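Letter by letter, the chains look like this.
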Protein chains: 2
Amino acid sequence: MVKKKHTLTLTSHKKTIKAGYQERLSDALLRAGLPMNLFCGGRGVCGKCRVRVVEGRLSPTTENEKTFQAVKHWDTRSRLSCQANVTGDLKISIPPESLVSSVLDPGRAGIPEFPLNPAVKTYLISFHPPTLASPLSLEEICKKSLRKKSIRFVPDVLGKASSHLKDEAEAVYAVLYKDRHVLDIGFYETVYGFAVDLGTTTIVLELVDLVTGKTVAADAFLNPQTRYGADVLSRITYASSPEKNKELQDMVIQEVNRKVSSLIKKYGIRQEAVFEFCISGNTAMNHLFLGLPVQTLASAPYHALFSTMSDLSASSIGLNGNPQARVYIVPNIKSFVGGDITSGLTAVELLKEKGRFLFIDLGTNGEIVLKKGVRFTASSTAAGPAFEGMNLSCGTLAVPGAITKIWHDGKIRFETLDGKKPSGICGSGYIDLLAVLMENGLLDKDGKLLTESKRIELAEKVFLTQKDIRELQLAAAAVKTGIGILLYENRLSPKDLDAVHIGGAFGSYLNIRNAQKIGLIPGLPISKIHFRGNTSLEGCRLFLLSYKTRNKVSEAVSRIRYLSLASHEGFQDRFIRALELG
Amino acid sequence: MVKKKHTLTLTSHKKTIKAGYQERLSDALLRAGLPMNLFCGGRGVCGKCRVRVVEGRLSPTTENEKTFQAVKHWDTRSRLSCQANVTGDLKISIPPESLVSSVLDPGRAGIPEFPLNPAVKTYLISFHPPTLASPLSLEEICKKSLRKKSIRFVPDVLGKASSHLKDEAEAVYAVLYKDRHVLDIGFYETVYGFAVDLGTTTIVLELVDLVTGKTVAADAFLNPQTRYGADVLSRITYASSPEKNKELQDMVIQEVNRKVSSLIKKYGIRQEAVFEFCISGNTAMNHLFLGLPVQTLASAPYHALFSTMSDLSASSIGLNGNPQARVYIVPNIKSFVGGDITSGLTAVELLKEKGRFLFIDLGTNGEIVLKKGVRFTASSTAAGPAFEGMNLSCGTLAVPGAITKIWHDGKIRFETLDGKKPSGICGSGYIDLLAVLMENGLLDKDGKLLTESKRIELAEKVFLTQKDIRELQLAAAAVKTGIGILLYENRLSPKDLDAVHIGGAFGSYLNIRNAQKIGLIPGLPISKIHFRGNTSLEGCRLFLLSYKTRNKVSEAVSRIRYLSLASHEGFQDRFIRALELG
């Protein structure tokens, strides 16, 4: 072991650390807990781990460092910590942009930590022109500069490269995909990707800076396909011909394009700088997004065409971005357990942790995954979109004006989102309402309203009907049955569970006790129940920022056991019993 | 070691061989020298190693064999030799199509043997439909059937697959690229590729059956770009703007498309069954083929944009074939030593053999590679297209009517190709003529005609002028100087060479002694000089049929030293001396 005999004073951090003679500066800093941005893996080609020498000396400046000093107009005291070795005592300062702050926003506690390693990276090219004695091809010059033996160009990019790479003084970047394919050559100090939560009802886009790992902005909007039905099945039915299939694809792609355009415009980002899209959706939405037929999902044996797509060209499906931008579809687990659930499982770290967990995603359908040690069982219920407010008299998504909470203090009280005038009731509101009605003897266990009027008025034009209750009973029963069968098949009872993770926007306003009261969620201590928010989006962003996670997850997904609830022998009986509230 | 106690009688081959108990039948046959077609590597998925049991028994029929028996209407005595084990004495017959005859035509002696392993392969899919309990996706069904863990689809192919893979009884094939990417699903018992020798003057297409490795047909035609100049430089000059660059690309791509169409039509092959194009051309032709700018090749330091392209989409450059067809560009060595030379080196096995060799390709330019042990030095002369008959009063390619041989028996005699009426003189004719004139005192060493008339008439409108002689002197001097400098730089003299390999169609009619007489070829014993014919095409076919050769060659090419003749200090002096004939 090297003796750590030198003292490094970090003037920017009011901190003193030790380093060995000839120790790589970045190694010493990392050891001291400073998360240096080693985007290129310490090869000296990304220029993102810069430090500034305040006093003292480092090993001689390398060629790559000289390139950065020249093209980025850094002074000679600016050095790359991955290239410079410690040779004596030193005072340095570290600019904030040279540190990776956690990839996660502070509000995202609980999402696993992972190394920032996007599929798309940008590297400055130090251009050394060819000579008569050594007439290197442009491809060879790039390889040499990027210190990569095998990078690949397509002709279009090579042609562009030849017009850019002429002048040594210009800061030209190569954008690489999976450190192998050159996606573009140009002025790309920063590159961007989109995490797309492709919900049946709502689509959420997150624009991510792939250099820092930080989210720039997000946008949520209605999936335009909803005009052909709120639920998955009506869309599958609509997509009965290749033309209608194409129509549904175009509809969603064009809407994503519009929203992408307006987001990047707002932040002054060029379309060319968008290099990847990660798509997390359920199986049917993923198929429709790619323009693939969905008929096999509509009738027995209900099978999908694919699990995942990677390295797909964005332009081949009409998505706007850089002409060479790529698409990754988060792997579907099975017919009705899609990529959104894979994202969710990844986000809540079910794939890593030990123990027994239940993961429930109450989106348009209710997907449930049970983990028992290393064994996963996944299944999909036919809950339908009731918890998203669909097919209910006054149902709504959690939009301003939606009644999100209901309680009783002698009288039924409620709260709306943003305090706006009540315009409808969202999923959490309905669950509260059923619980409140039961507690006050206005609703029996069979779901029969005991009031004289057969509807409960909350506000002007906002009410609950007996039919709404039936719809909610069916949805809840589907989920309860699913949970029951998964537990039964794994020889577990609810009390054996270490935790229940609930994904989906729905969870945000949910009153757990009320959900337990109507029997939707197993009756565990509240401390074991975790609302995880939009886990589909969280997981999707994780795949965008750490591409090696993709292979691991694909492999894990292929081992998940899929259980078809409808063909389970105990299904009918359990379902009928589950219709009872509580 | 297993005792070989069983006797196998091969009724089709009138031969008896020995096999061990439970020995894989294909192993026993291969050991006995029968080149069974193990296209899929013995995984039982290609069905190309069928044998028929005449008497006796083998191990029980496997699932894959049953699939083949069903969909190909084979009787139950038809077995796959890679799936069946020997369990006793046996009589079998082997149909001819189950044997790989040598990949090479008999006329192609000297080309290295290599295992048939094309990048594009076709496999029968044994379709087992999904079930309710196990609703496998179409992708999973294909993986299972092909016994591949990671194969990749693009949406278009997946959509097509879903319409084909419905009926168990149909023989549906998956066409795989590099055993990973599914290029198509459909009725592809055979798949095809094209080896393309992209000459500056002549383009040769060879249509190859990728299942048997056999050439179906070939076609040669004039490169349509010749209308913008016979030599490379005039085309580079023409391609001065992006529009003209594109025009040159379109011109050659469209002509290749037309010739491909007419060839496959003639042999009843669908365009969809063409899955790969291997392109072997010089650096400038390769750039123009891809529509890439060539200006950097035209002025100092004369550098290229790229060396190789692989996995390129054929449709992206406008080539017709299957929509997913790929293109491979044989790697260029350096600016003026192109992929045609790489092909040539591969075809003459210079990359494998020990010893000291000189490889000369006298196409439009004269490229020369010297091998000394493991060290290669490559260089390009500025010979121009004189040996292809260009820029000479009566010069012509070796077409019918071309004077290919000239001798003297008191009078100048000649022979034309196909015995047609003389229409011009081709390269070998000019070399003969110069030698004959020198021998008979009609031409001095300085290239001055000593006849009274300043032109030599051979036939009506077919003659040689003093200007033609100057042109030939310059071309020969360029080649001689190149050879001299390469030898000098490697501290070798001609007598140290083990062999001289001459590539290019030009060699076919060449009289070696005459070529030595004028000093074009080093004065070695004739037994050391080998005409290799169109080595660019030979090597190109080799890359088409054995894709793993590509990586090996790319690596070898990157180690070749390039010597710029013009900037060599001894060039001027040597060139002037080399102008002397003899």
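Residues numbered from 1 in each chain as written. Chains lettered and ligands numbered in written order. Predicted model: local features only at pLDDT ≥ 70, side-chain atom pairs only at ≥ 80, totals over all residues.

## Remarks on helix H9 (residues 427-439) of chain B
For the α-helix, the turn length of 3.6 residues means that residues three or four positions removed from each other point alike. All names here are of chain B. The condition that has to hold: Note on conventions: DSSP H or I runs of at least 4 residues are helices, E runs of at least 2 residues are strands, and numbering of each starts at the N terminus. Expected helix span is computed as 1.5 Å times (number of residues minus one). Every C-beta atom is placed from the backbone, and the number of other C-beta atoms within 10 Å of a residue's own sets its class: buried at 20 or more, exposed at 12 or fewer, partly exposed in between. A pair of residues counts as a contact when their C-beta atoms, built from backbone coordinates, are within 7 Å of each other.
Under the 1.5 Å per step criterion, the end-to-end length of H9 is 19 Å for 13 residues, consistent within 8% with the ideal 18 Å. Burial of H9 is extensive: 11 of the 13 residues sit out of reach of the surface. Where H9 is concerned, the buried positions are Gly427, Ser428, Gly429, Tyr430, Ile431, Asp432, Leu433, Leu434, Ala435, Val436 and Leu437. Tucked inside the fold, the buried residues of H9 contact strand S18 (402-408), strand S19 (412-416), strand S20 (424-425), strand S22 (462-465), helix H10 (466-489) and helix H11 (512-517). In the segment just after H9, Gly441 is the residue with positive phi, at about 65°.

## Some points on the interface of chain B and chain A
For an interface, size is often stated in terms of accessible area lost upon the parts coming together. Across the contact, 35 residues belong to chain B and 35 residues belong to chain A. For the side of chain B that touches chain A, the elements supplying multiple residues, two or more each, are helix H3 (138-146) and helix H4 (155-164) of chain B. The leading source of residues in the side of chain B that touches chain A is H4(B), at four residues.

## Some points on the relation of the copies chain B and chain A
Selection criterion: Copy-to-copy superposition: least squares on the C-alpha atoms, limited to residues that have pLDDT of at least 70 in both copies.
Take chain B, turn it by 180°, move it 0.0 Å along the axis, and it overlays chain A with an RMSD of 0.1 Å. Between the two chains, the operation in question is that of a two-fold axis. Both copies present the same face, since 100% of the interface residues in chain B are matched by interface residues at the equivalent positions in chain A.

## A word on the environment of B:Ser145
All names here are of chain B. Relative to the helices and strands, Ser145 is located in helix H3. Separated by 100 residues in sequence, Ser145 and Val45 have C-alpha atoms that sit 7.7 Å apart. Residues in contact with Ser145, not counting those within four places in the same chain, are Ile125, Ser126 and Phe127.

## Re the environment of B:Ile341
All names here are of chain B. Within the element layout of this structure, Ile341 appears in helix H8 (residues 339-347). C-alpha of Ile341 to C-alpha of Lys421: the two residues are 80 residues apart in sequence and 34 Å apart in space. If sequence neighbours within four positions are ignored, Ile341 has contacts with Ile333, Asp361, Glu367, Val369 and Ala378.

## With respect to the sheet that holds strand S9 (residues 192-198) of chain B
Residue and element names in this part refer to chain B. Here is the rule we go by: Strands are treated as partners if at least two bridges between them are detected by DSSP. Only C-alpha atoms enter the line fits that serve as axes; for helices the fit covers just the stretch in contact. Angles between N-to-C directions range over 0 to 180 degrees.
Taken together, six strands build an open sheet; the order of strands is S11-S10-S9-S12-S14-S13 and the sheet is mixed. Whereas interior strands pair on both sides, the edge strands pair on one side only; in this sheet they are strand S11 (215-222) and strand S13 (309-313). Pairs of neighbouring strands in the sheet enclose a mean axial angle of 20°, with direction left out of account. Where S13 and strand S14 (residues 326-329) come together, three bridges link them in antiparallel fashion.

## Details of the packing of H8(B) against helix H12 (residues 535-545) of chain B
Residues and elements named next belong to chain B. The criterion, for reference: For classification, angles of less than 35 degrees are called roughly parallel, those exceeding 145 degrees roughly antiparallel, those between 65 and 115 degrees roughly perpendicular, and all remaining angles oblique. Amino acids are sorted into nonpolar (Ala, Val, Leu, Ile, Met, Phe, Trp, Tyr, Cys and Pro), charged (Asp, Glu, Lys and Arg) and polar (every other residue, Gly among them).
Direction vectors running N to C along H8 and H12 enclose 75°, while the axes themselves pass 7 Å from each other. The pairing of H8 with H12 is recorded here as roughly perpendicular in orientation. For the pair H8 and H12, the contacting residues are Asp340, Thr342, Ser343, Gly344, Thr346 and Ala347 in the first and Thr535, Ser536, Glu538, Gly539, Cys540 and Leu542 in the second. The residue makeup of the contact of H8 with H12, split by class, is three nonpolar, seven polar and two charged.

## Comments concerning the domain arrangement of chain A
Residue and element names in this part refer to chain A. Here is the rule: Source of the domain bounds: an automatic or database domain assignment.
Partitioning chain A into structural domains gives domain 1 (6-98), domain 2 (106-186), domain 3 (192-329) and domain 4 (344-582). Once you take the C-alpha centre of each, domain 3 and domain 4 turn out to be 25 Å apart. At the interface, 22 residues of domain 3 touch 21 residues of domain 4.

## Some words on the sheet that holds S18(B)
All names here are of chain B. The strand order across the open sheet built from three strands is S19-S18-S20, with neighbouring strands paired in mixed fashion. Across the chains shown, the open sheet's two edge strands, defined by having one partner strand only, are S19 and S20. Relative to S20, S18 runs parallel, the two sharing two bridges. Across the sheet, Ile403 pairs through a bridge with Ile425, a residue of S20. Sheet strands touched by H9: S18, S19 and S20. Its angle to S18, the strand with the most contacts, is close to 20°.

## As for the pairing of strand S3 (residues 50-58) of chain A
Residue and element names in this part refer to chain A. Taken together, the three bridges between S3 and strand S4 (residues 78-80) define a ladder with antiparallel strand orientation. Bridge assignment links Arg52 to a residue of S4, and that residue is Ser78. Across five bridges, S3 lies against strand S5 (residues 86-93) in antiparallel orientation. Bridging from a neighbouring strand, Gly56 pairs with Leu90 of S5.

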